[in-house]
Protein chains: 2
Amino acid sequence: LRALIWDGAHARFVHDVPDPTLMPGTAIVRVLYAGICTTDLQILAGYMGFRGIPGHEMVGVVEDGPDHLRGRRVVAEINFSCGRCPSCLAGRGRHCPSRAVMGILGADGAFADLVRVPTANLHVVPDTVSDSVAVFTEPVAAAYRAEEQTRAFARGRTLVVGAGKLGLLLAQVLAQRGDEVSVMCRSDTARGRVEMLALRAVPMECAPLGADLVVDATGSPEGLAIALEHVRPLGGLLLKSTVAADHHVGLARLVVDEVTLIGSRCGPFEPALAALEAGQIAVEPLLEAVVPLDRGVDALAQAGLPGKGKLLLRP
Amino acid sequence: LRALIWDGAHARFVHDVPDPTLMPGTAIVRVLYAGICTTDLQILAGYMGFRGIPGHEMVGVVEDGPDHLRGRRVVAEINFSCGRCPSCLAGRGRHCPSRAVMGILGADGAFADLVRVPTANLHVVPDTVSDSVAVFTEPVAAAYRAEEQTRAFARGRTLVVGAGKLGLLLAQVLAQRGDEVSVMCRSDTARGRVEMLALRAVPMECAPLGADLVVDATGSPEGLAIALEHVRPLGGLLLKSTVAADHHVGLARLVVDEVTLIGSRCGPFEPALAALEAGQIAVEPLLEAVVPLDRGVDALAQAGLPGKGKLLLRP
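One structure accompanies this document, and this report is about it. (Residues numbered from 1 in each chain as written. Chains lettered and ligands numbered in written order. Predicted model: local features only at pLDDT ≥ 70, side-chain atom pairs only at ≥ 80, totals over all residues. Heavy atoms only, no water.)

Further remarks concern the overall build of chain A. The number of helices and strands found in chain A is ten helices and 19 strands. Scaling as 2.2 N^0.38, a compact globule of 315 residues should have a C-alpha radius of gyration of about 20 Å, and chain A matches this with 19 Å. In terms of overall dimensions, chain A has a C-alpha envelope of 55 × 40 × 40 Å along the principal axes. Here chain A, with 315 residues, has 58% of them falling under the buried criterion. Of the contacts formed within chain A by residues at least 6 apart in sequence, a portion of 67% connects residues at least 24 apart. Element-wise, carbon and sulfur atoms account for 51% of the exposed surface of chain A, whose accessible area totals about 12200 Å². (Helix = DSSP H or I, 4+ residues; strand = E, 2+ residues; numbered from the N terminus. Rg over C-alpha atoms; globule rule 2.2 N^0.38 Å. Buried < 20%, exposed > 50% of the residue type's maximum accessible area, 1.4 Å probe, protein only. Contact = heavy atoms within 4.5 Å. Areas by Shrake-Rupley, 256 points an atom, 1.4 Å probe, with all protein chains shown as cover.)

Mapping chain B onto chain A is achieved by rotating through 180 degrees and translating by 0.0 Å along the same axis, at an RMSD of 0.0 Å. A rotation of that kind, with that shift, is consistent with a two-fold axis. Most of the interface of chain B is mirrored in chain A, where 100% of its interface residues again form contacts. (Least-squares fit on C-alpha atoms with pLDDT ≥ 70 in both.)

Before going further, it helps to examine the packing of helix 4 (residues 137-149) of chain B against helix 9 (residues 269-277) of chain B. Residue and element names in this part refer to chain B. Close contact between helix 4 and helix 9 brings their axes to 8 Å; oriented N to C, the two are set at 115 degrees. As summarised for this structure, helix 4 and helix 9 are arranged roughly perpendicular, according to the angle between their axes. Like other packed secondary-structure pairs, helix 4 and helix 9 cross with a definite hand, here right-handed. For the pair helix 4 and helix 9, the contacting residues are Thr 137, Glu 138, Val 140, Ala 141 and Tyr 144 in the first and Phe 269, Pro 271, Ala 272, Leu 273, Ala 275 and Leu 276 in the second. The class makeup of the residues in the contact of helix 4 with helix 9 is nine nonpolar, one polar and one charged. (Axes fitted to C-alpha atoms, helices over the stretch in contact; angles between N-to-C directions. Parallel < 35°, antiparallel > 145°, perpendicular 65-115°, else oblique. Left-handed = near helix turned anticlockwise from the far one by under 90°. Nonpolar A, V, L, I, M, F, W, Y, C, P; charged D, E, K, R; others polar.)

Moving on, we come to the sheet that holds strand 14 (residues 211-216) of chain A. Spatial strand order, 13(A)-12(A)-11(A)-14(A)-15(A)-17(A)-17(B)-15(B)-14(B)-11(B)-12(B)-13(B): twelve strands in an open sheet with mixed pairing. Lying at the two open borders of the sheet, with one neighbouring strand each, are strand 13 (200-203) of chain A together with strand 13 (200-203) of chain B. Taking each pair of neighbouring strands and ignoring which way they run, the sheet shows an average axis angle of 20 degrees. Where strand 15 (residues 231-239) of chain A lies against strand 17 (residues 260-263) of chain A, four bridges are found, and the strand directions are parallel. Across the sheet, residue Leu 238 of chain A finds its bridge partner in strand 17 of chain A, namely Ile 262 of chain A. (Pairing = 2+ DSSP bridges.)

Looking now at the interface of chain B and chain A. Interfaces are often sized by the amount of accessible area the parts lose when they come together. Contact residues are listed per partner, giving 34 residues for chain B and 34 residues for chain A. For the pair chain B and chain A, the summed buried surface comes to about 2800 Å²; carbon and sulfur atoms form 59% of the total. Our count for the chain B to chain A interface comes out at two salt bridges. With a shortest N-O distance of 2.9 Å, Glu 258 of chain B and Arg 145 of chain A are connected by a salt bridge. The tally of links from chain B across to chain A stands at eleven residue pairs in polar contact (both at pLDDT 80 or more). Of all the elements in the fold, those that place two or more residues in the side of chain B that touches chain A are helix 4, strand 15 (231-239), strand 16 (247-249), helix 8 (252-256) and strand 17 (260-263) of chain B. Per-class residue counts for the side of chain B that touches chain A are 16 nonpolar, ten polar and eight charged. (Buried area = accessible area lost by both parts, 1.4 Å probe. Salt bridge = Lys/Arg side-chain N within 4 Å of Asp/Glu carboxyl O. Polar contact = N/O pair within 3.5 Å; in protein donor to acceptor, adjacent residues only side chain to side chain.)

Burial of helix 7 (residues 223-230) of chain A is extensive: six of the eight residues sit out of reach of the surface. Listed in full, the buried residues belonging to helix 7 of chain A are Gly 223, Leu 224, Ile 226, Ala 227, Leu 228 and His 230 of chain A.

Now for the pairing of strand 18 (residues 287-292) of chain A. All names here are of chain A. Where strand 18 lies against strand 19 (residues 310-314), five bridges are found, and the strand directions are parallel. Along strand 19, the bridge assignment pairs Val 290 with Leu 312. With respect to chirality, the unit in which strand 18 leads through helix 10 (residues 296-303) into the neighbouring parallel strand 19 is right-handed. (Right-handed = clockwise from strand over helix to strand, strands pointing away.)

To continue, consider the sheet that holds strand 7 (residues 100-102) of chain B. Residues and elements named next belong to chain B. Strand order in the open sheet made by the three strands is 6-7-8, with mixed pairing throughout. The open sheet terminates on both sides in strands that have one partner only, identified here as strand 6 (79-80) and strand 8 (106-107). Taken together, the two bridges between strand 6 and strand 7 define a ladder with antiparallel strand orientation. Along strand 7, the bridge assignment pairs Phe 80 with Ala 100.

What follows concerns the environment of Leu 166 of chain A. Residue and element names in this part refer to chain A. Mapped onto the secondary structure, Leu 166 falls in helix 5 (residues 165-176). Residue classification places Leu 166 among the partly exposed positions, given a relative accessible area of 24%. C-alpha of Leu 166 to C-alpha of Ala 142: the two residues are 24 residues apart in sequence and 8.4 Å apart in space.

Evaluation of the coordinates by the stated rule reveals 34 salt bridges over all chains. Note that Arg 12 of chain A and Asp 7 of chain A form a salt bridge whose closest N and O atoms lie 3.9 Å from each other. Across the pair Asp 67 of chain B and Arg 70 of chain B runs a salt bridge whose closest N-O atoms are separated by 3.6 Å. Through salt bridges with shared partners, one network takes in Glu 147, Arg 151, Arg 177 and Asp 179 of chain A.

Below you can see the structure in the form of structure tokens.
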């Protein structure tokens, strides 16, 4: 198969990677689209020390595996859990201590023609959801996880810091549950996207907003300090950015104002697919371009530029 | 009156500070004991930019004020709230945006013969609670605030990082509600105190504990990183340390493991006084020495030494 490979120093496009073999409990999925995520860029900056084929946002067709799945169009939950440990048995498989994570930790990902995924992780995509919408299921699921974790602040004033792809998904999901959402924008491009989604844009330099809930979706270590400026006493701050670098931040305000800071990672696929099927979350405005896989190294370099929308790789 | 004064550069003992005048809604309290807290040491390191008389842990006798309080032995809540703003009207006076805080922000404190306190902040001390126990009410209240904020993790495995005065109060309050509490100790002195309180001591170098709840009571910017090492996925981390310095910490684990970090400051006096009256919280083992107020500058220099117990100033 053809794939993008990260070797710890360079990302390369390789023509002749051995095909994944079918193992019990898995399926081989032919990738239709794979999305580039900020986490992929963090991996290229050292995050998790990953080596191999990145890519954890994808839609594909099952090429080999159980009969009931073969030929079906699927998306894949990215945490490959053991299914037997106390975390898994308690329904917290995303926190299985011996998990692999597709394209992030101990398992090759979807920047390739084919990817091997445990069948337990696959969700069949409804026919009415197009490929280029379905590929957003994983980040939309992450937004639903943030929703689950912040229900104490539902229907309040919410600020999303960072108008990137994930920020705009989070903003939509939180607005849908009734939050009064603002999105902090650094650029006119970002502001345009925010307003196209009928959300309120606020500039970076705005006075402290005293929001009930602030979401740091900047993907940068500076985001937390900005978020802390805008949360009210006793408010919530959801940290969605996984960054390889350390945070250098004064947390005295978090203590004095008794703010609750909530780490958030991966989310449930069911509500994400349902919302995409119902057309409740717009993903088209987030899409920048589709790039052939063999130009993926270039796409990775482009993906981190400010204001860039989602780049999809097509094998 | 005589007082310790912090001028932003030096702490001095001064003989001839003008007495506080009685204002409507306040009482003048003659200080019996005032406790030195790590926050006082942080103030001397620049925290809050405070200038004036520090001291926010105290017990005293009302010298002037309303008849029903005159001559009564009292402790004082430290947040002087406006009583009229939305925060105050919602019962969140400790987060009143225009509050003063006794000995910390905009109001002189108790390292003095006399201190002026709003009568709304005073609590009469039960007769059976001695002066040197009552002076611990404020930090015990802070421990009860931590208890309120962490009930989602009650009766689980709890680690308190930092065996200082506040850490040992927190450990006792959390053990009393049924948590299985360990306290991380740096010194043999600290370990001795922990074991005297019938709590479990663990060394600094122990392997990750995977605790349900970790409390950072180190009073140092390094505490958070240590705490993060020992909390389980989806666990809670209570940050009790107000430090003037920035934190330099990698928060990727907080995101990946979806940890909830809870800032915690001041607490409710009622359960604290009730627990002290019932003898449920031992404070005597935390007491190092009583120092005359005129030797307070020296006491402030001593108070931060590792393993030091509580120093009480006596005017």
